[in-house]
Amino acid sequence: MQQSTWFTPEGLEDLLPPQAQKLEFYRRQLIDGFHLSGYDLVLPPLAEFTDSLLTGTARHMAIDTCRFTDQESGRMMGVRADMTPQVARIVSNRLKAQGEISRLCYVGEVLKTRNNKAKGSRSPIQVGAEIFGHSGLDSDIEIVELMLESMSRMKLDVKLSLGHVGIVDELIALACLNANQSKDLIDILERKAIPEFNAFVAEHLGDSEWAQRFNQLLAYCGNAQDVIGQANAGFAGLSSAMDDYLNHLQGMIDHLGKMHSVDIHLDLADIRGYQYHTGIIFAAYSACGFLQPIAKGGRYDDIGADFGLALPATGFSLDLRGALDLLEDTDETATQTVYAPCDSDVDLQVAIRQLKQQGIKVIKSYDAGQVPAGSQQLVKENDAWTVK
Ligand SMILES: N[C@@H](Cc1c[nH]c[nH+]1)C(=O)O
């Protein structure tokens, strides 16, 4: 059947000029920034055996992963839906001992089975950075600051949102909810379905002190300095783990407040989209009120356990394709452009090479009539090629 227009599947679009060039510009900005902070670039493969791709904490990714049979081995393979677990696999092979630190960054396309616009692009171009081997506040601070620095490299004005997966888990444990109840509650919180949350609390916790604490959890949302004060007053002393989590958040908020002028929001019940994370979580939102976070990440300790080395880890990633419309256009006119005739003159080739070495764009014109009016051209005068 003849088709006059060839469509690509929903959520899988071409990136055309000048958007593709713009993406490439910001990709370099980000990777150069990571490089300057000591992060080594890794490029994991697009597809892997599902055994390793969906191992351990990454098993939550199964539903998002496109799968097919490997014609070489007969084994099931999957196209990555997130690069972070791949990088964790790499590092667990690379780091041979606890206590070593590894800083890695990555860029690549990922693919998701479904096109859920509310959750972002189906084929993100993921750029991210991770620190493995350190479990304290310092590495979380380093990653959050790297995320903020990346936002300024993208010339974006952002707000920061913080949370902590451990606080939700600890409340669930302290309230002695069983495995099924815990699963249901996490599912409700992941969807932030408030009426369901209220019904759940009423059904399982009645009017106990734990019902009150879960209601407080939902209310701990707003300006970070205010909310951490309220959370300390409400939750400190419940357990030593809870105190550690609150202190961790307090340390992050104090440090950022001192060093950065960014607006910080804290939402203790917000665990939406954090699947394998175990500790502090963070996201950068556009200051102009973009609904999806531009970048997000968090702590995900022990992700490498299934590969034989349980490491503490923290990191962030972003979808460059999804953020593209928010980014300032790159100034293509800033690159000087010169047109050159198609001529096998050796001196012309030398002149072209020299211009390119100076960062000047040289376009061959097959037909002098097609050179845009007023543009610069290489012309031969007195036996020498000069730009006119
Ligand atoms: N890859 C995670 C974010 C992340 C990176 N590192 C840790 N967390 C995501 O896409 O949600």
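Residues numbered from 1 in each chain as written. Predicted model: local features only at pLDDT ≥ 70, side-chain atom pairs only at ≥ 80, totals over all residues. Heavy atoms only, no water.

The name given to the protein in an unreviewed UniProt entry is ATP phosphoribosyltransferase regulatory subunit, with the source organism recorded as Thiomicrorhabdus xiamenensis. Regarding the protein, the relevant UniProt record gives this comment under Sequence similarities (unreviewed entry): "Belongs to the class-II aminoacyl-tRNA synthetase family. HisZ subfamily." What the UniProt record of the protein gives under Subunit (unreviewed entry) is the line "Heteromultimer composed of HisG and HisZ subunits." (UniProt positions renumbered as here; feature names shortened; annotations may be inferred.)

Here the focus is the pairing of strand β5 (residues 102–109). One face of the sheet, then the other: side chains in a regular strand alternate in exactly this way. Of all eight residues that make up β5, six are buried, and the element is covered over most of its length. Where strand β1 (residues 40–42) and β5 come together, three bridges link them in parallel fashion. Within β5, the residue paired with aspartate 40 across the bridge is leucine 104. (Buried < 20%, exposed > 50% of the residue type's maximum accessible area, 1.4 Å probe, protein only. Helix = DSSP H or I, 4+ residues; strand = E, 2+ residues; numbered from the N terminus. Pairing = 2+ DSSP bridges.)

Close contacts around the ligand come from 13 residues, with Thr84, Glu130, Tyr276, His277 and Lys296 the closest. Contacts to the ligand include histidine 277, whose side-chain N or O atom sits 2.8 Å from a nitrogen atom. In this structure, an oxygen atom belonging to the ligand sits 2.7 Å away from a side-chain N or O atom of lysine 296. Within the complex, 89% of the 300 Å² of free accessible area of the ligand lies under protein. Secondary-structure elements contributing two or more residues to the shell around the ligand are β6 (125–132), β11 (295–299) and β12 (313–319). (Near = heavy atom within 4 Å. Polar contact = N/O pair within 3.5 Å; in protein donor to acceptor, adjacent residues only side chain to side chain. Areas by Shrake-Rupley, 256 points an atom, 1.4 Å probe, with all protein chains shown as cover.)

This part is about helix α8 (residues 209–219). Those residues of α8 not exposed but buried are Trp210, Ala211, Arg213, Phe214, Leu217 and Leu218. Looking straight down α8, one finds that the buried residues subtend no more than 160° of arc, so they occupy a single side. Turned more than 90 degrees away from the buried face of α8 sit Gln212 and Ala219, all of them exposed. Of the surrounding secondary structure, the elements contacted by the buried residues of α8 are α5 (165–174), α6 (179–190), α7 (194–205), β8 (221–223) and α9 (224–235). (Arc of directions from axis to C-beta. Contact = heavy atoms within 4.5 Å.)

Let us now look at the sheet that holds strand β4 (residues 76–79). Spatially, three strands are ordered β2-β4-β3 in an open sheet, and the strand pairing comes out antiparallel. The open sheet has two edge strands with one neighbour each: β2 (47–49) and β3 (67–69). Taking the axes of each pair of neighbouring strands and ignoring which way they run, one obtains an average angle of 35° across the sheet. Summarising the sheet, β3 and β4 pair through three bridges and their orientation is antiparallel. Within β4, the position partnered with arginine 67 by the bridge is glycine 78. (Axes fitted to C-alpha atoms, helices over the stretch in contact; angles between N-to-C directions.)

Next up on the list: the packing of α7 against α8. Interaxial distance between α7 and α8 falls to 9 Å at its minimum, and their mutual angle equals 165°. Taken together, the axes of α7 and α8 are roughly antiparallel relative to one another. When the axes of α7 and α8 are compared, the crossing they make is right-handed. Facing Ile194, Phe197, Asn198, Val201 and Leu205 of α7, the residues of α8 in contact are Trp210, Ala211, Phe214, Asn215 and Leu218. (Parallel < 35°, antiparallel > 145°, perpendicular 65-115°, else oblique. Left-handed = near helix turned anticlockwise from the far one by under 90°.)

Bridging between strand β13 (residues 337–341) and strand β14 (residues 361–365) involves five bridges; their strand directions are parallel. What sits directly across from valine 338, in β14, is valine 362. Read from β13 through helix α12 (residues 346–357) to β14, the crossover connection turns out right-handed. (Right-handed = clockwise from strand over helix to strand, strands pointing away.)

With that out of the way, let us pick up the side chain of serine 365. Inspection of the secondary structure assignment puts serine 365 in strand β14. By relative accessible area, serine 365 is classed as buried at 12%. Not counting residues up to four positions away in its chain, the partners in contact with serine 365 are Tyr339, Ala340, Pro341, Cys342 and Val371.

All right, on to the packing of helix α4 (residues 137–153) against helix α10 (residues 240–259) then. Helices that pack against each other are described as a pair by the angle of their axes relative to one another and the distance between those axes. Contact geometry for α4 and α10: axes closest at 10 Å, N-to-C directions at 45°. With respect to each other, α4 and α10 are oriented oblique. Along this stretch, α4 crosses α10, giving a crossing that reads as right-handed. For the pair α4 and α10, contact is made by Leu137, Asp140, Ile141, Val144, Glu145 and Leu148 and by His248, Gly251, Met252, His255, Leu256 and Met259, respectively. The residue inventory of the contact of α4 with α10, partitioned by class, reads seven nonpolar, three polar and two charged. (Nonpolar A, V, L, I, M, F, W, Y, C, P; charged D, E, K, R; others polar.)

The next point concerns the UniProt feature "binding site: L-histidine" (unreviewed entry) in the protein. Per the UniProt entry, the sites bearing "binding site: L-histidine" (unreviewed entry) are Asp82, Met83, Thr84, Gln126, Glu130 and Arg272 in this numbering. Inspection of the secondary structure puts threonine 84 in helix α3 (residues 84–94). You can call threonine 84 buried: its relative accessible area is 3%. When neighbours within four sequence positions are excluded, threonine 84 is seen to be in contact with Tyr106, Gln126, Glu130, Tyr276, Tyr300 and Ser317. Look past the residues within four positions of glutamine 126 in its chain and what remains in contact with it is Asp82, Met83, Thr84, Tyr106, Val107, Gly108, Val110, Ser317 and Leu318.

A few words on the packing of aromatic side chains. This model, assessed by the stated rule, comprises six aromatic pairs. Aromatic pair phenylalanine 25 and tyrosine 26: ring centres 5.0 Å apart, planes at 90°, arrangement edge-to-face. In this structure phenylalanine 25 comes out as partly exposed when scored by relative accessible area, which is 31%. Look at tyrosine 276 and tyrosine 300: their rings are 5.6 Å apart centre to centre, the planes differ by 70°, and that puts the pair in the edge-to-face class. Taken together, the residues span a long stretch of sequence, with tyrosine 276 in the loop between β9 (264–267) and β10 (280–286) and tyrosine 300 in the loop between β11 and β12 at a distance of 24 residues. Residues tyrosine 276 and tyrosine 300 agree in their burial class; the two are buried. An aromatic cluster is built from Phe34, Tyr39 and Phe316, whose rings are joined through pairwise contacts. In this structure, arginine 75 packs its charged tip against the face of phenylalanine 49, placed 3.8 Å from the ring centre. Seen from the ring of tryptophan 210, arginine 213 lies directly overhead, with NZ or CZ sitting 4.6 Å from the centre. (Phe/Tyr/Trp six-rings, centres within 6.5 Å; stacked < 30°, edge-to-face > 60°. Lys NZ or Arg CZ within 6 Å of the ring centre and 35° of its normal.)

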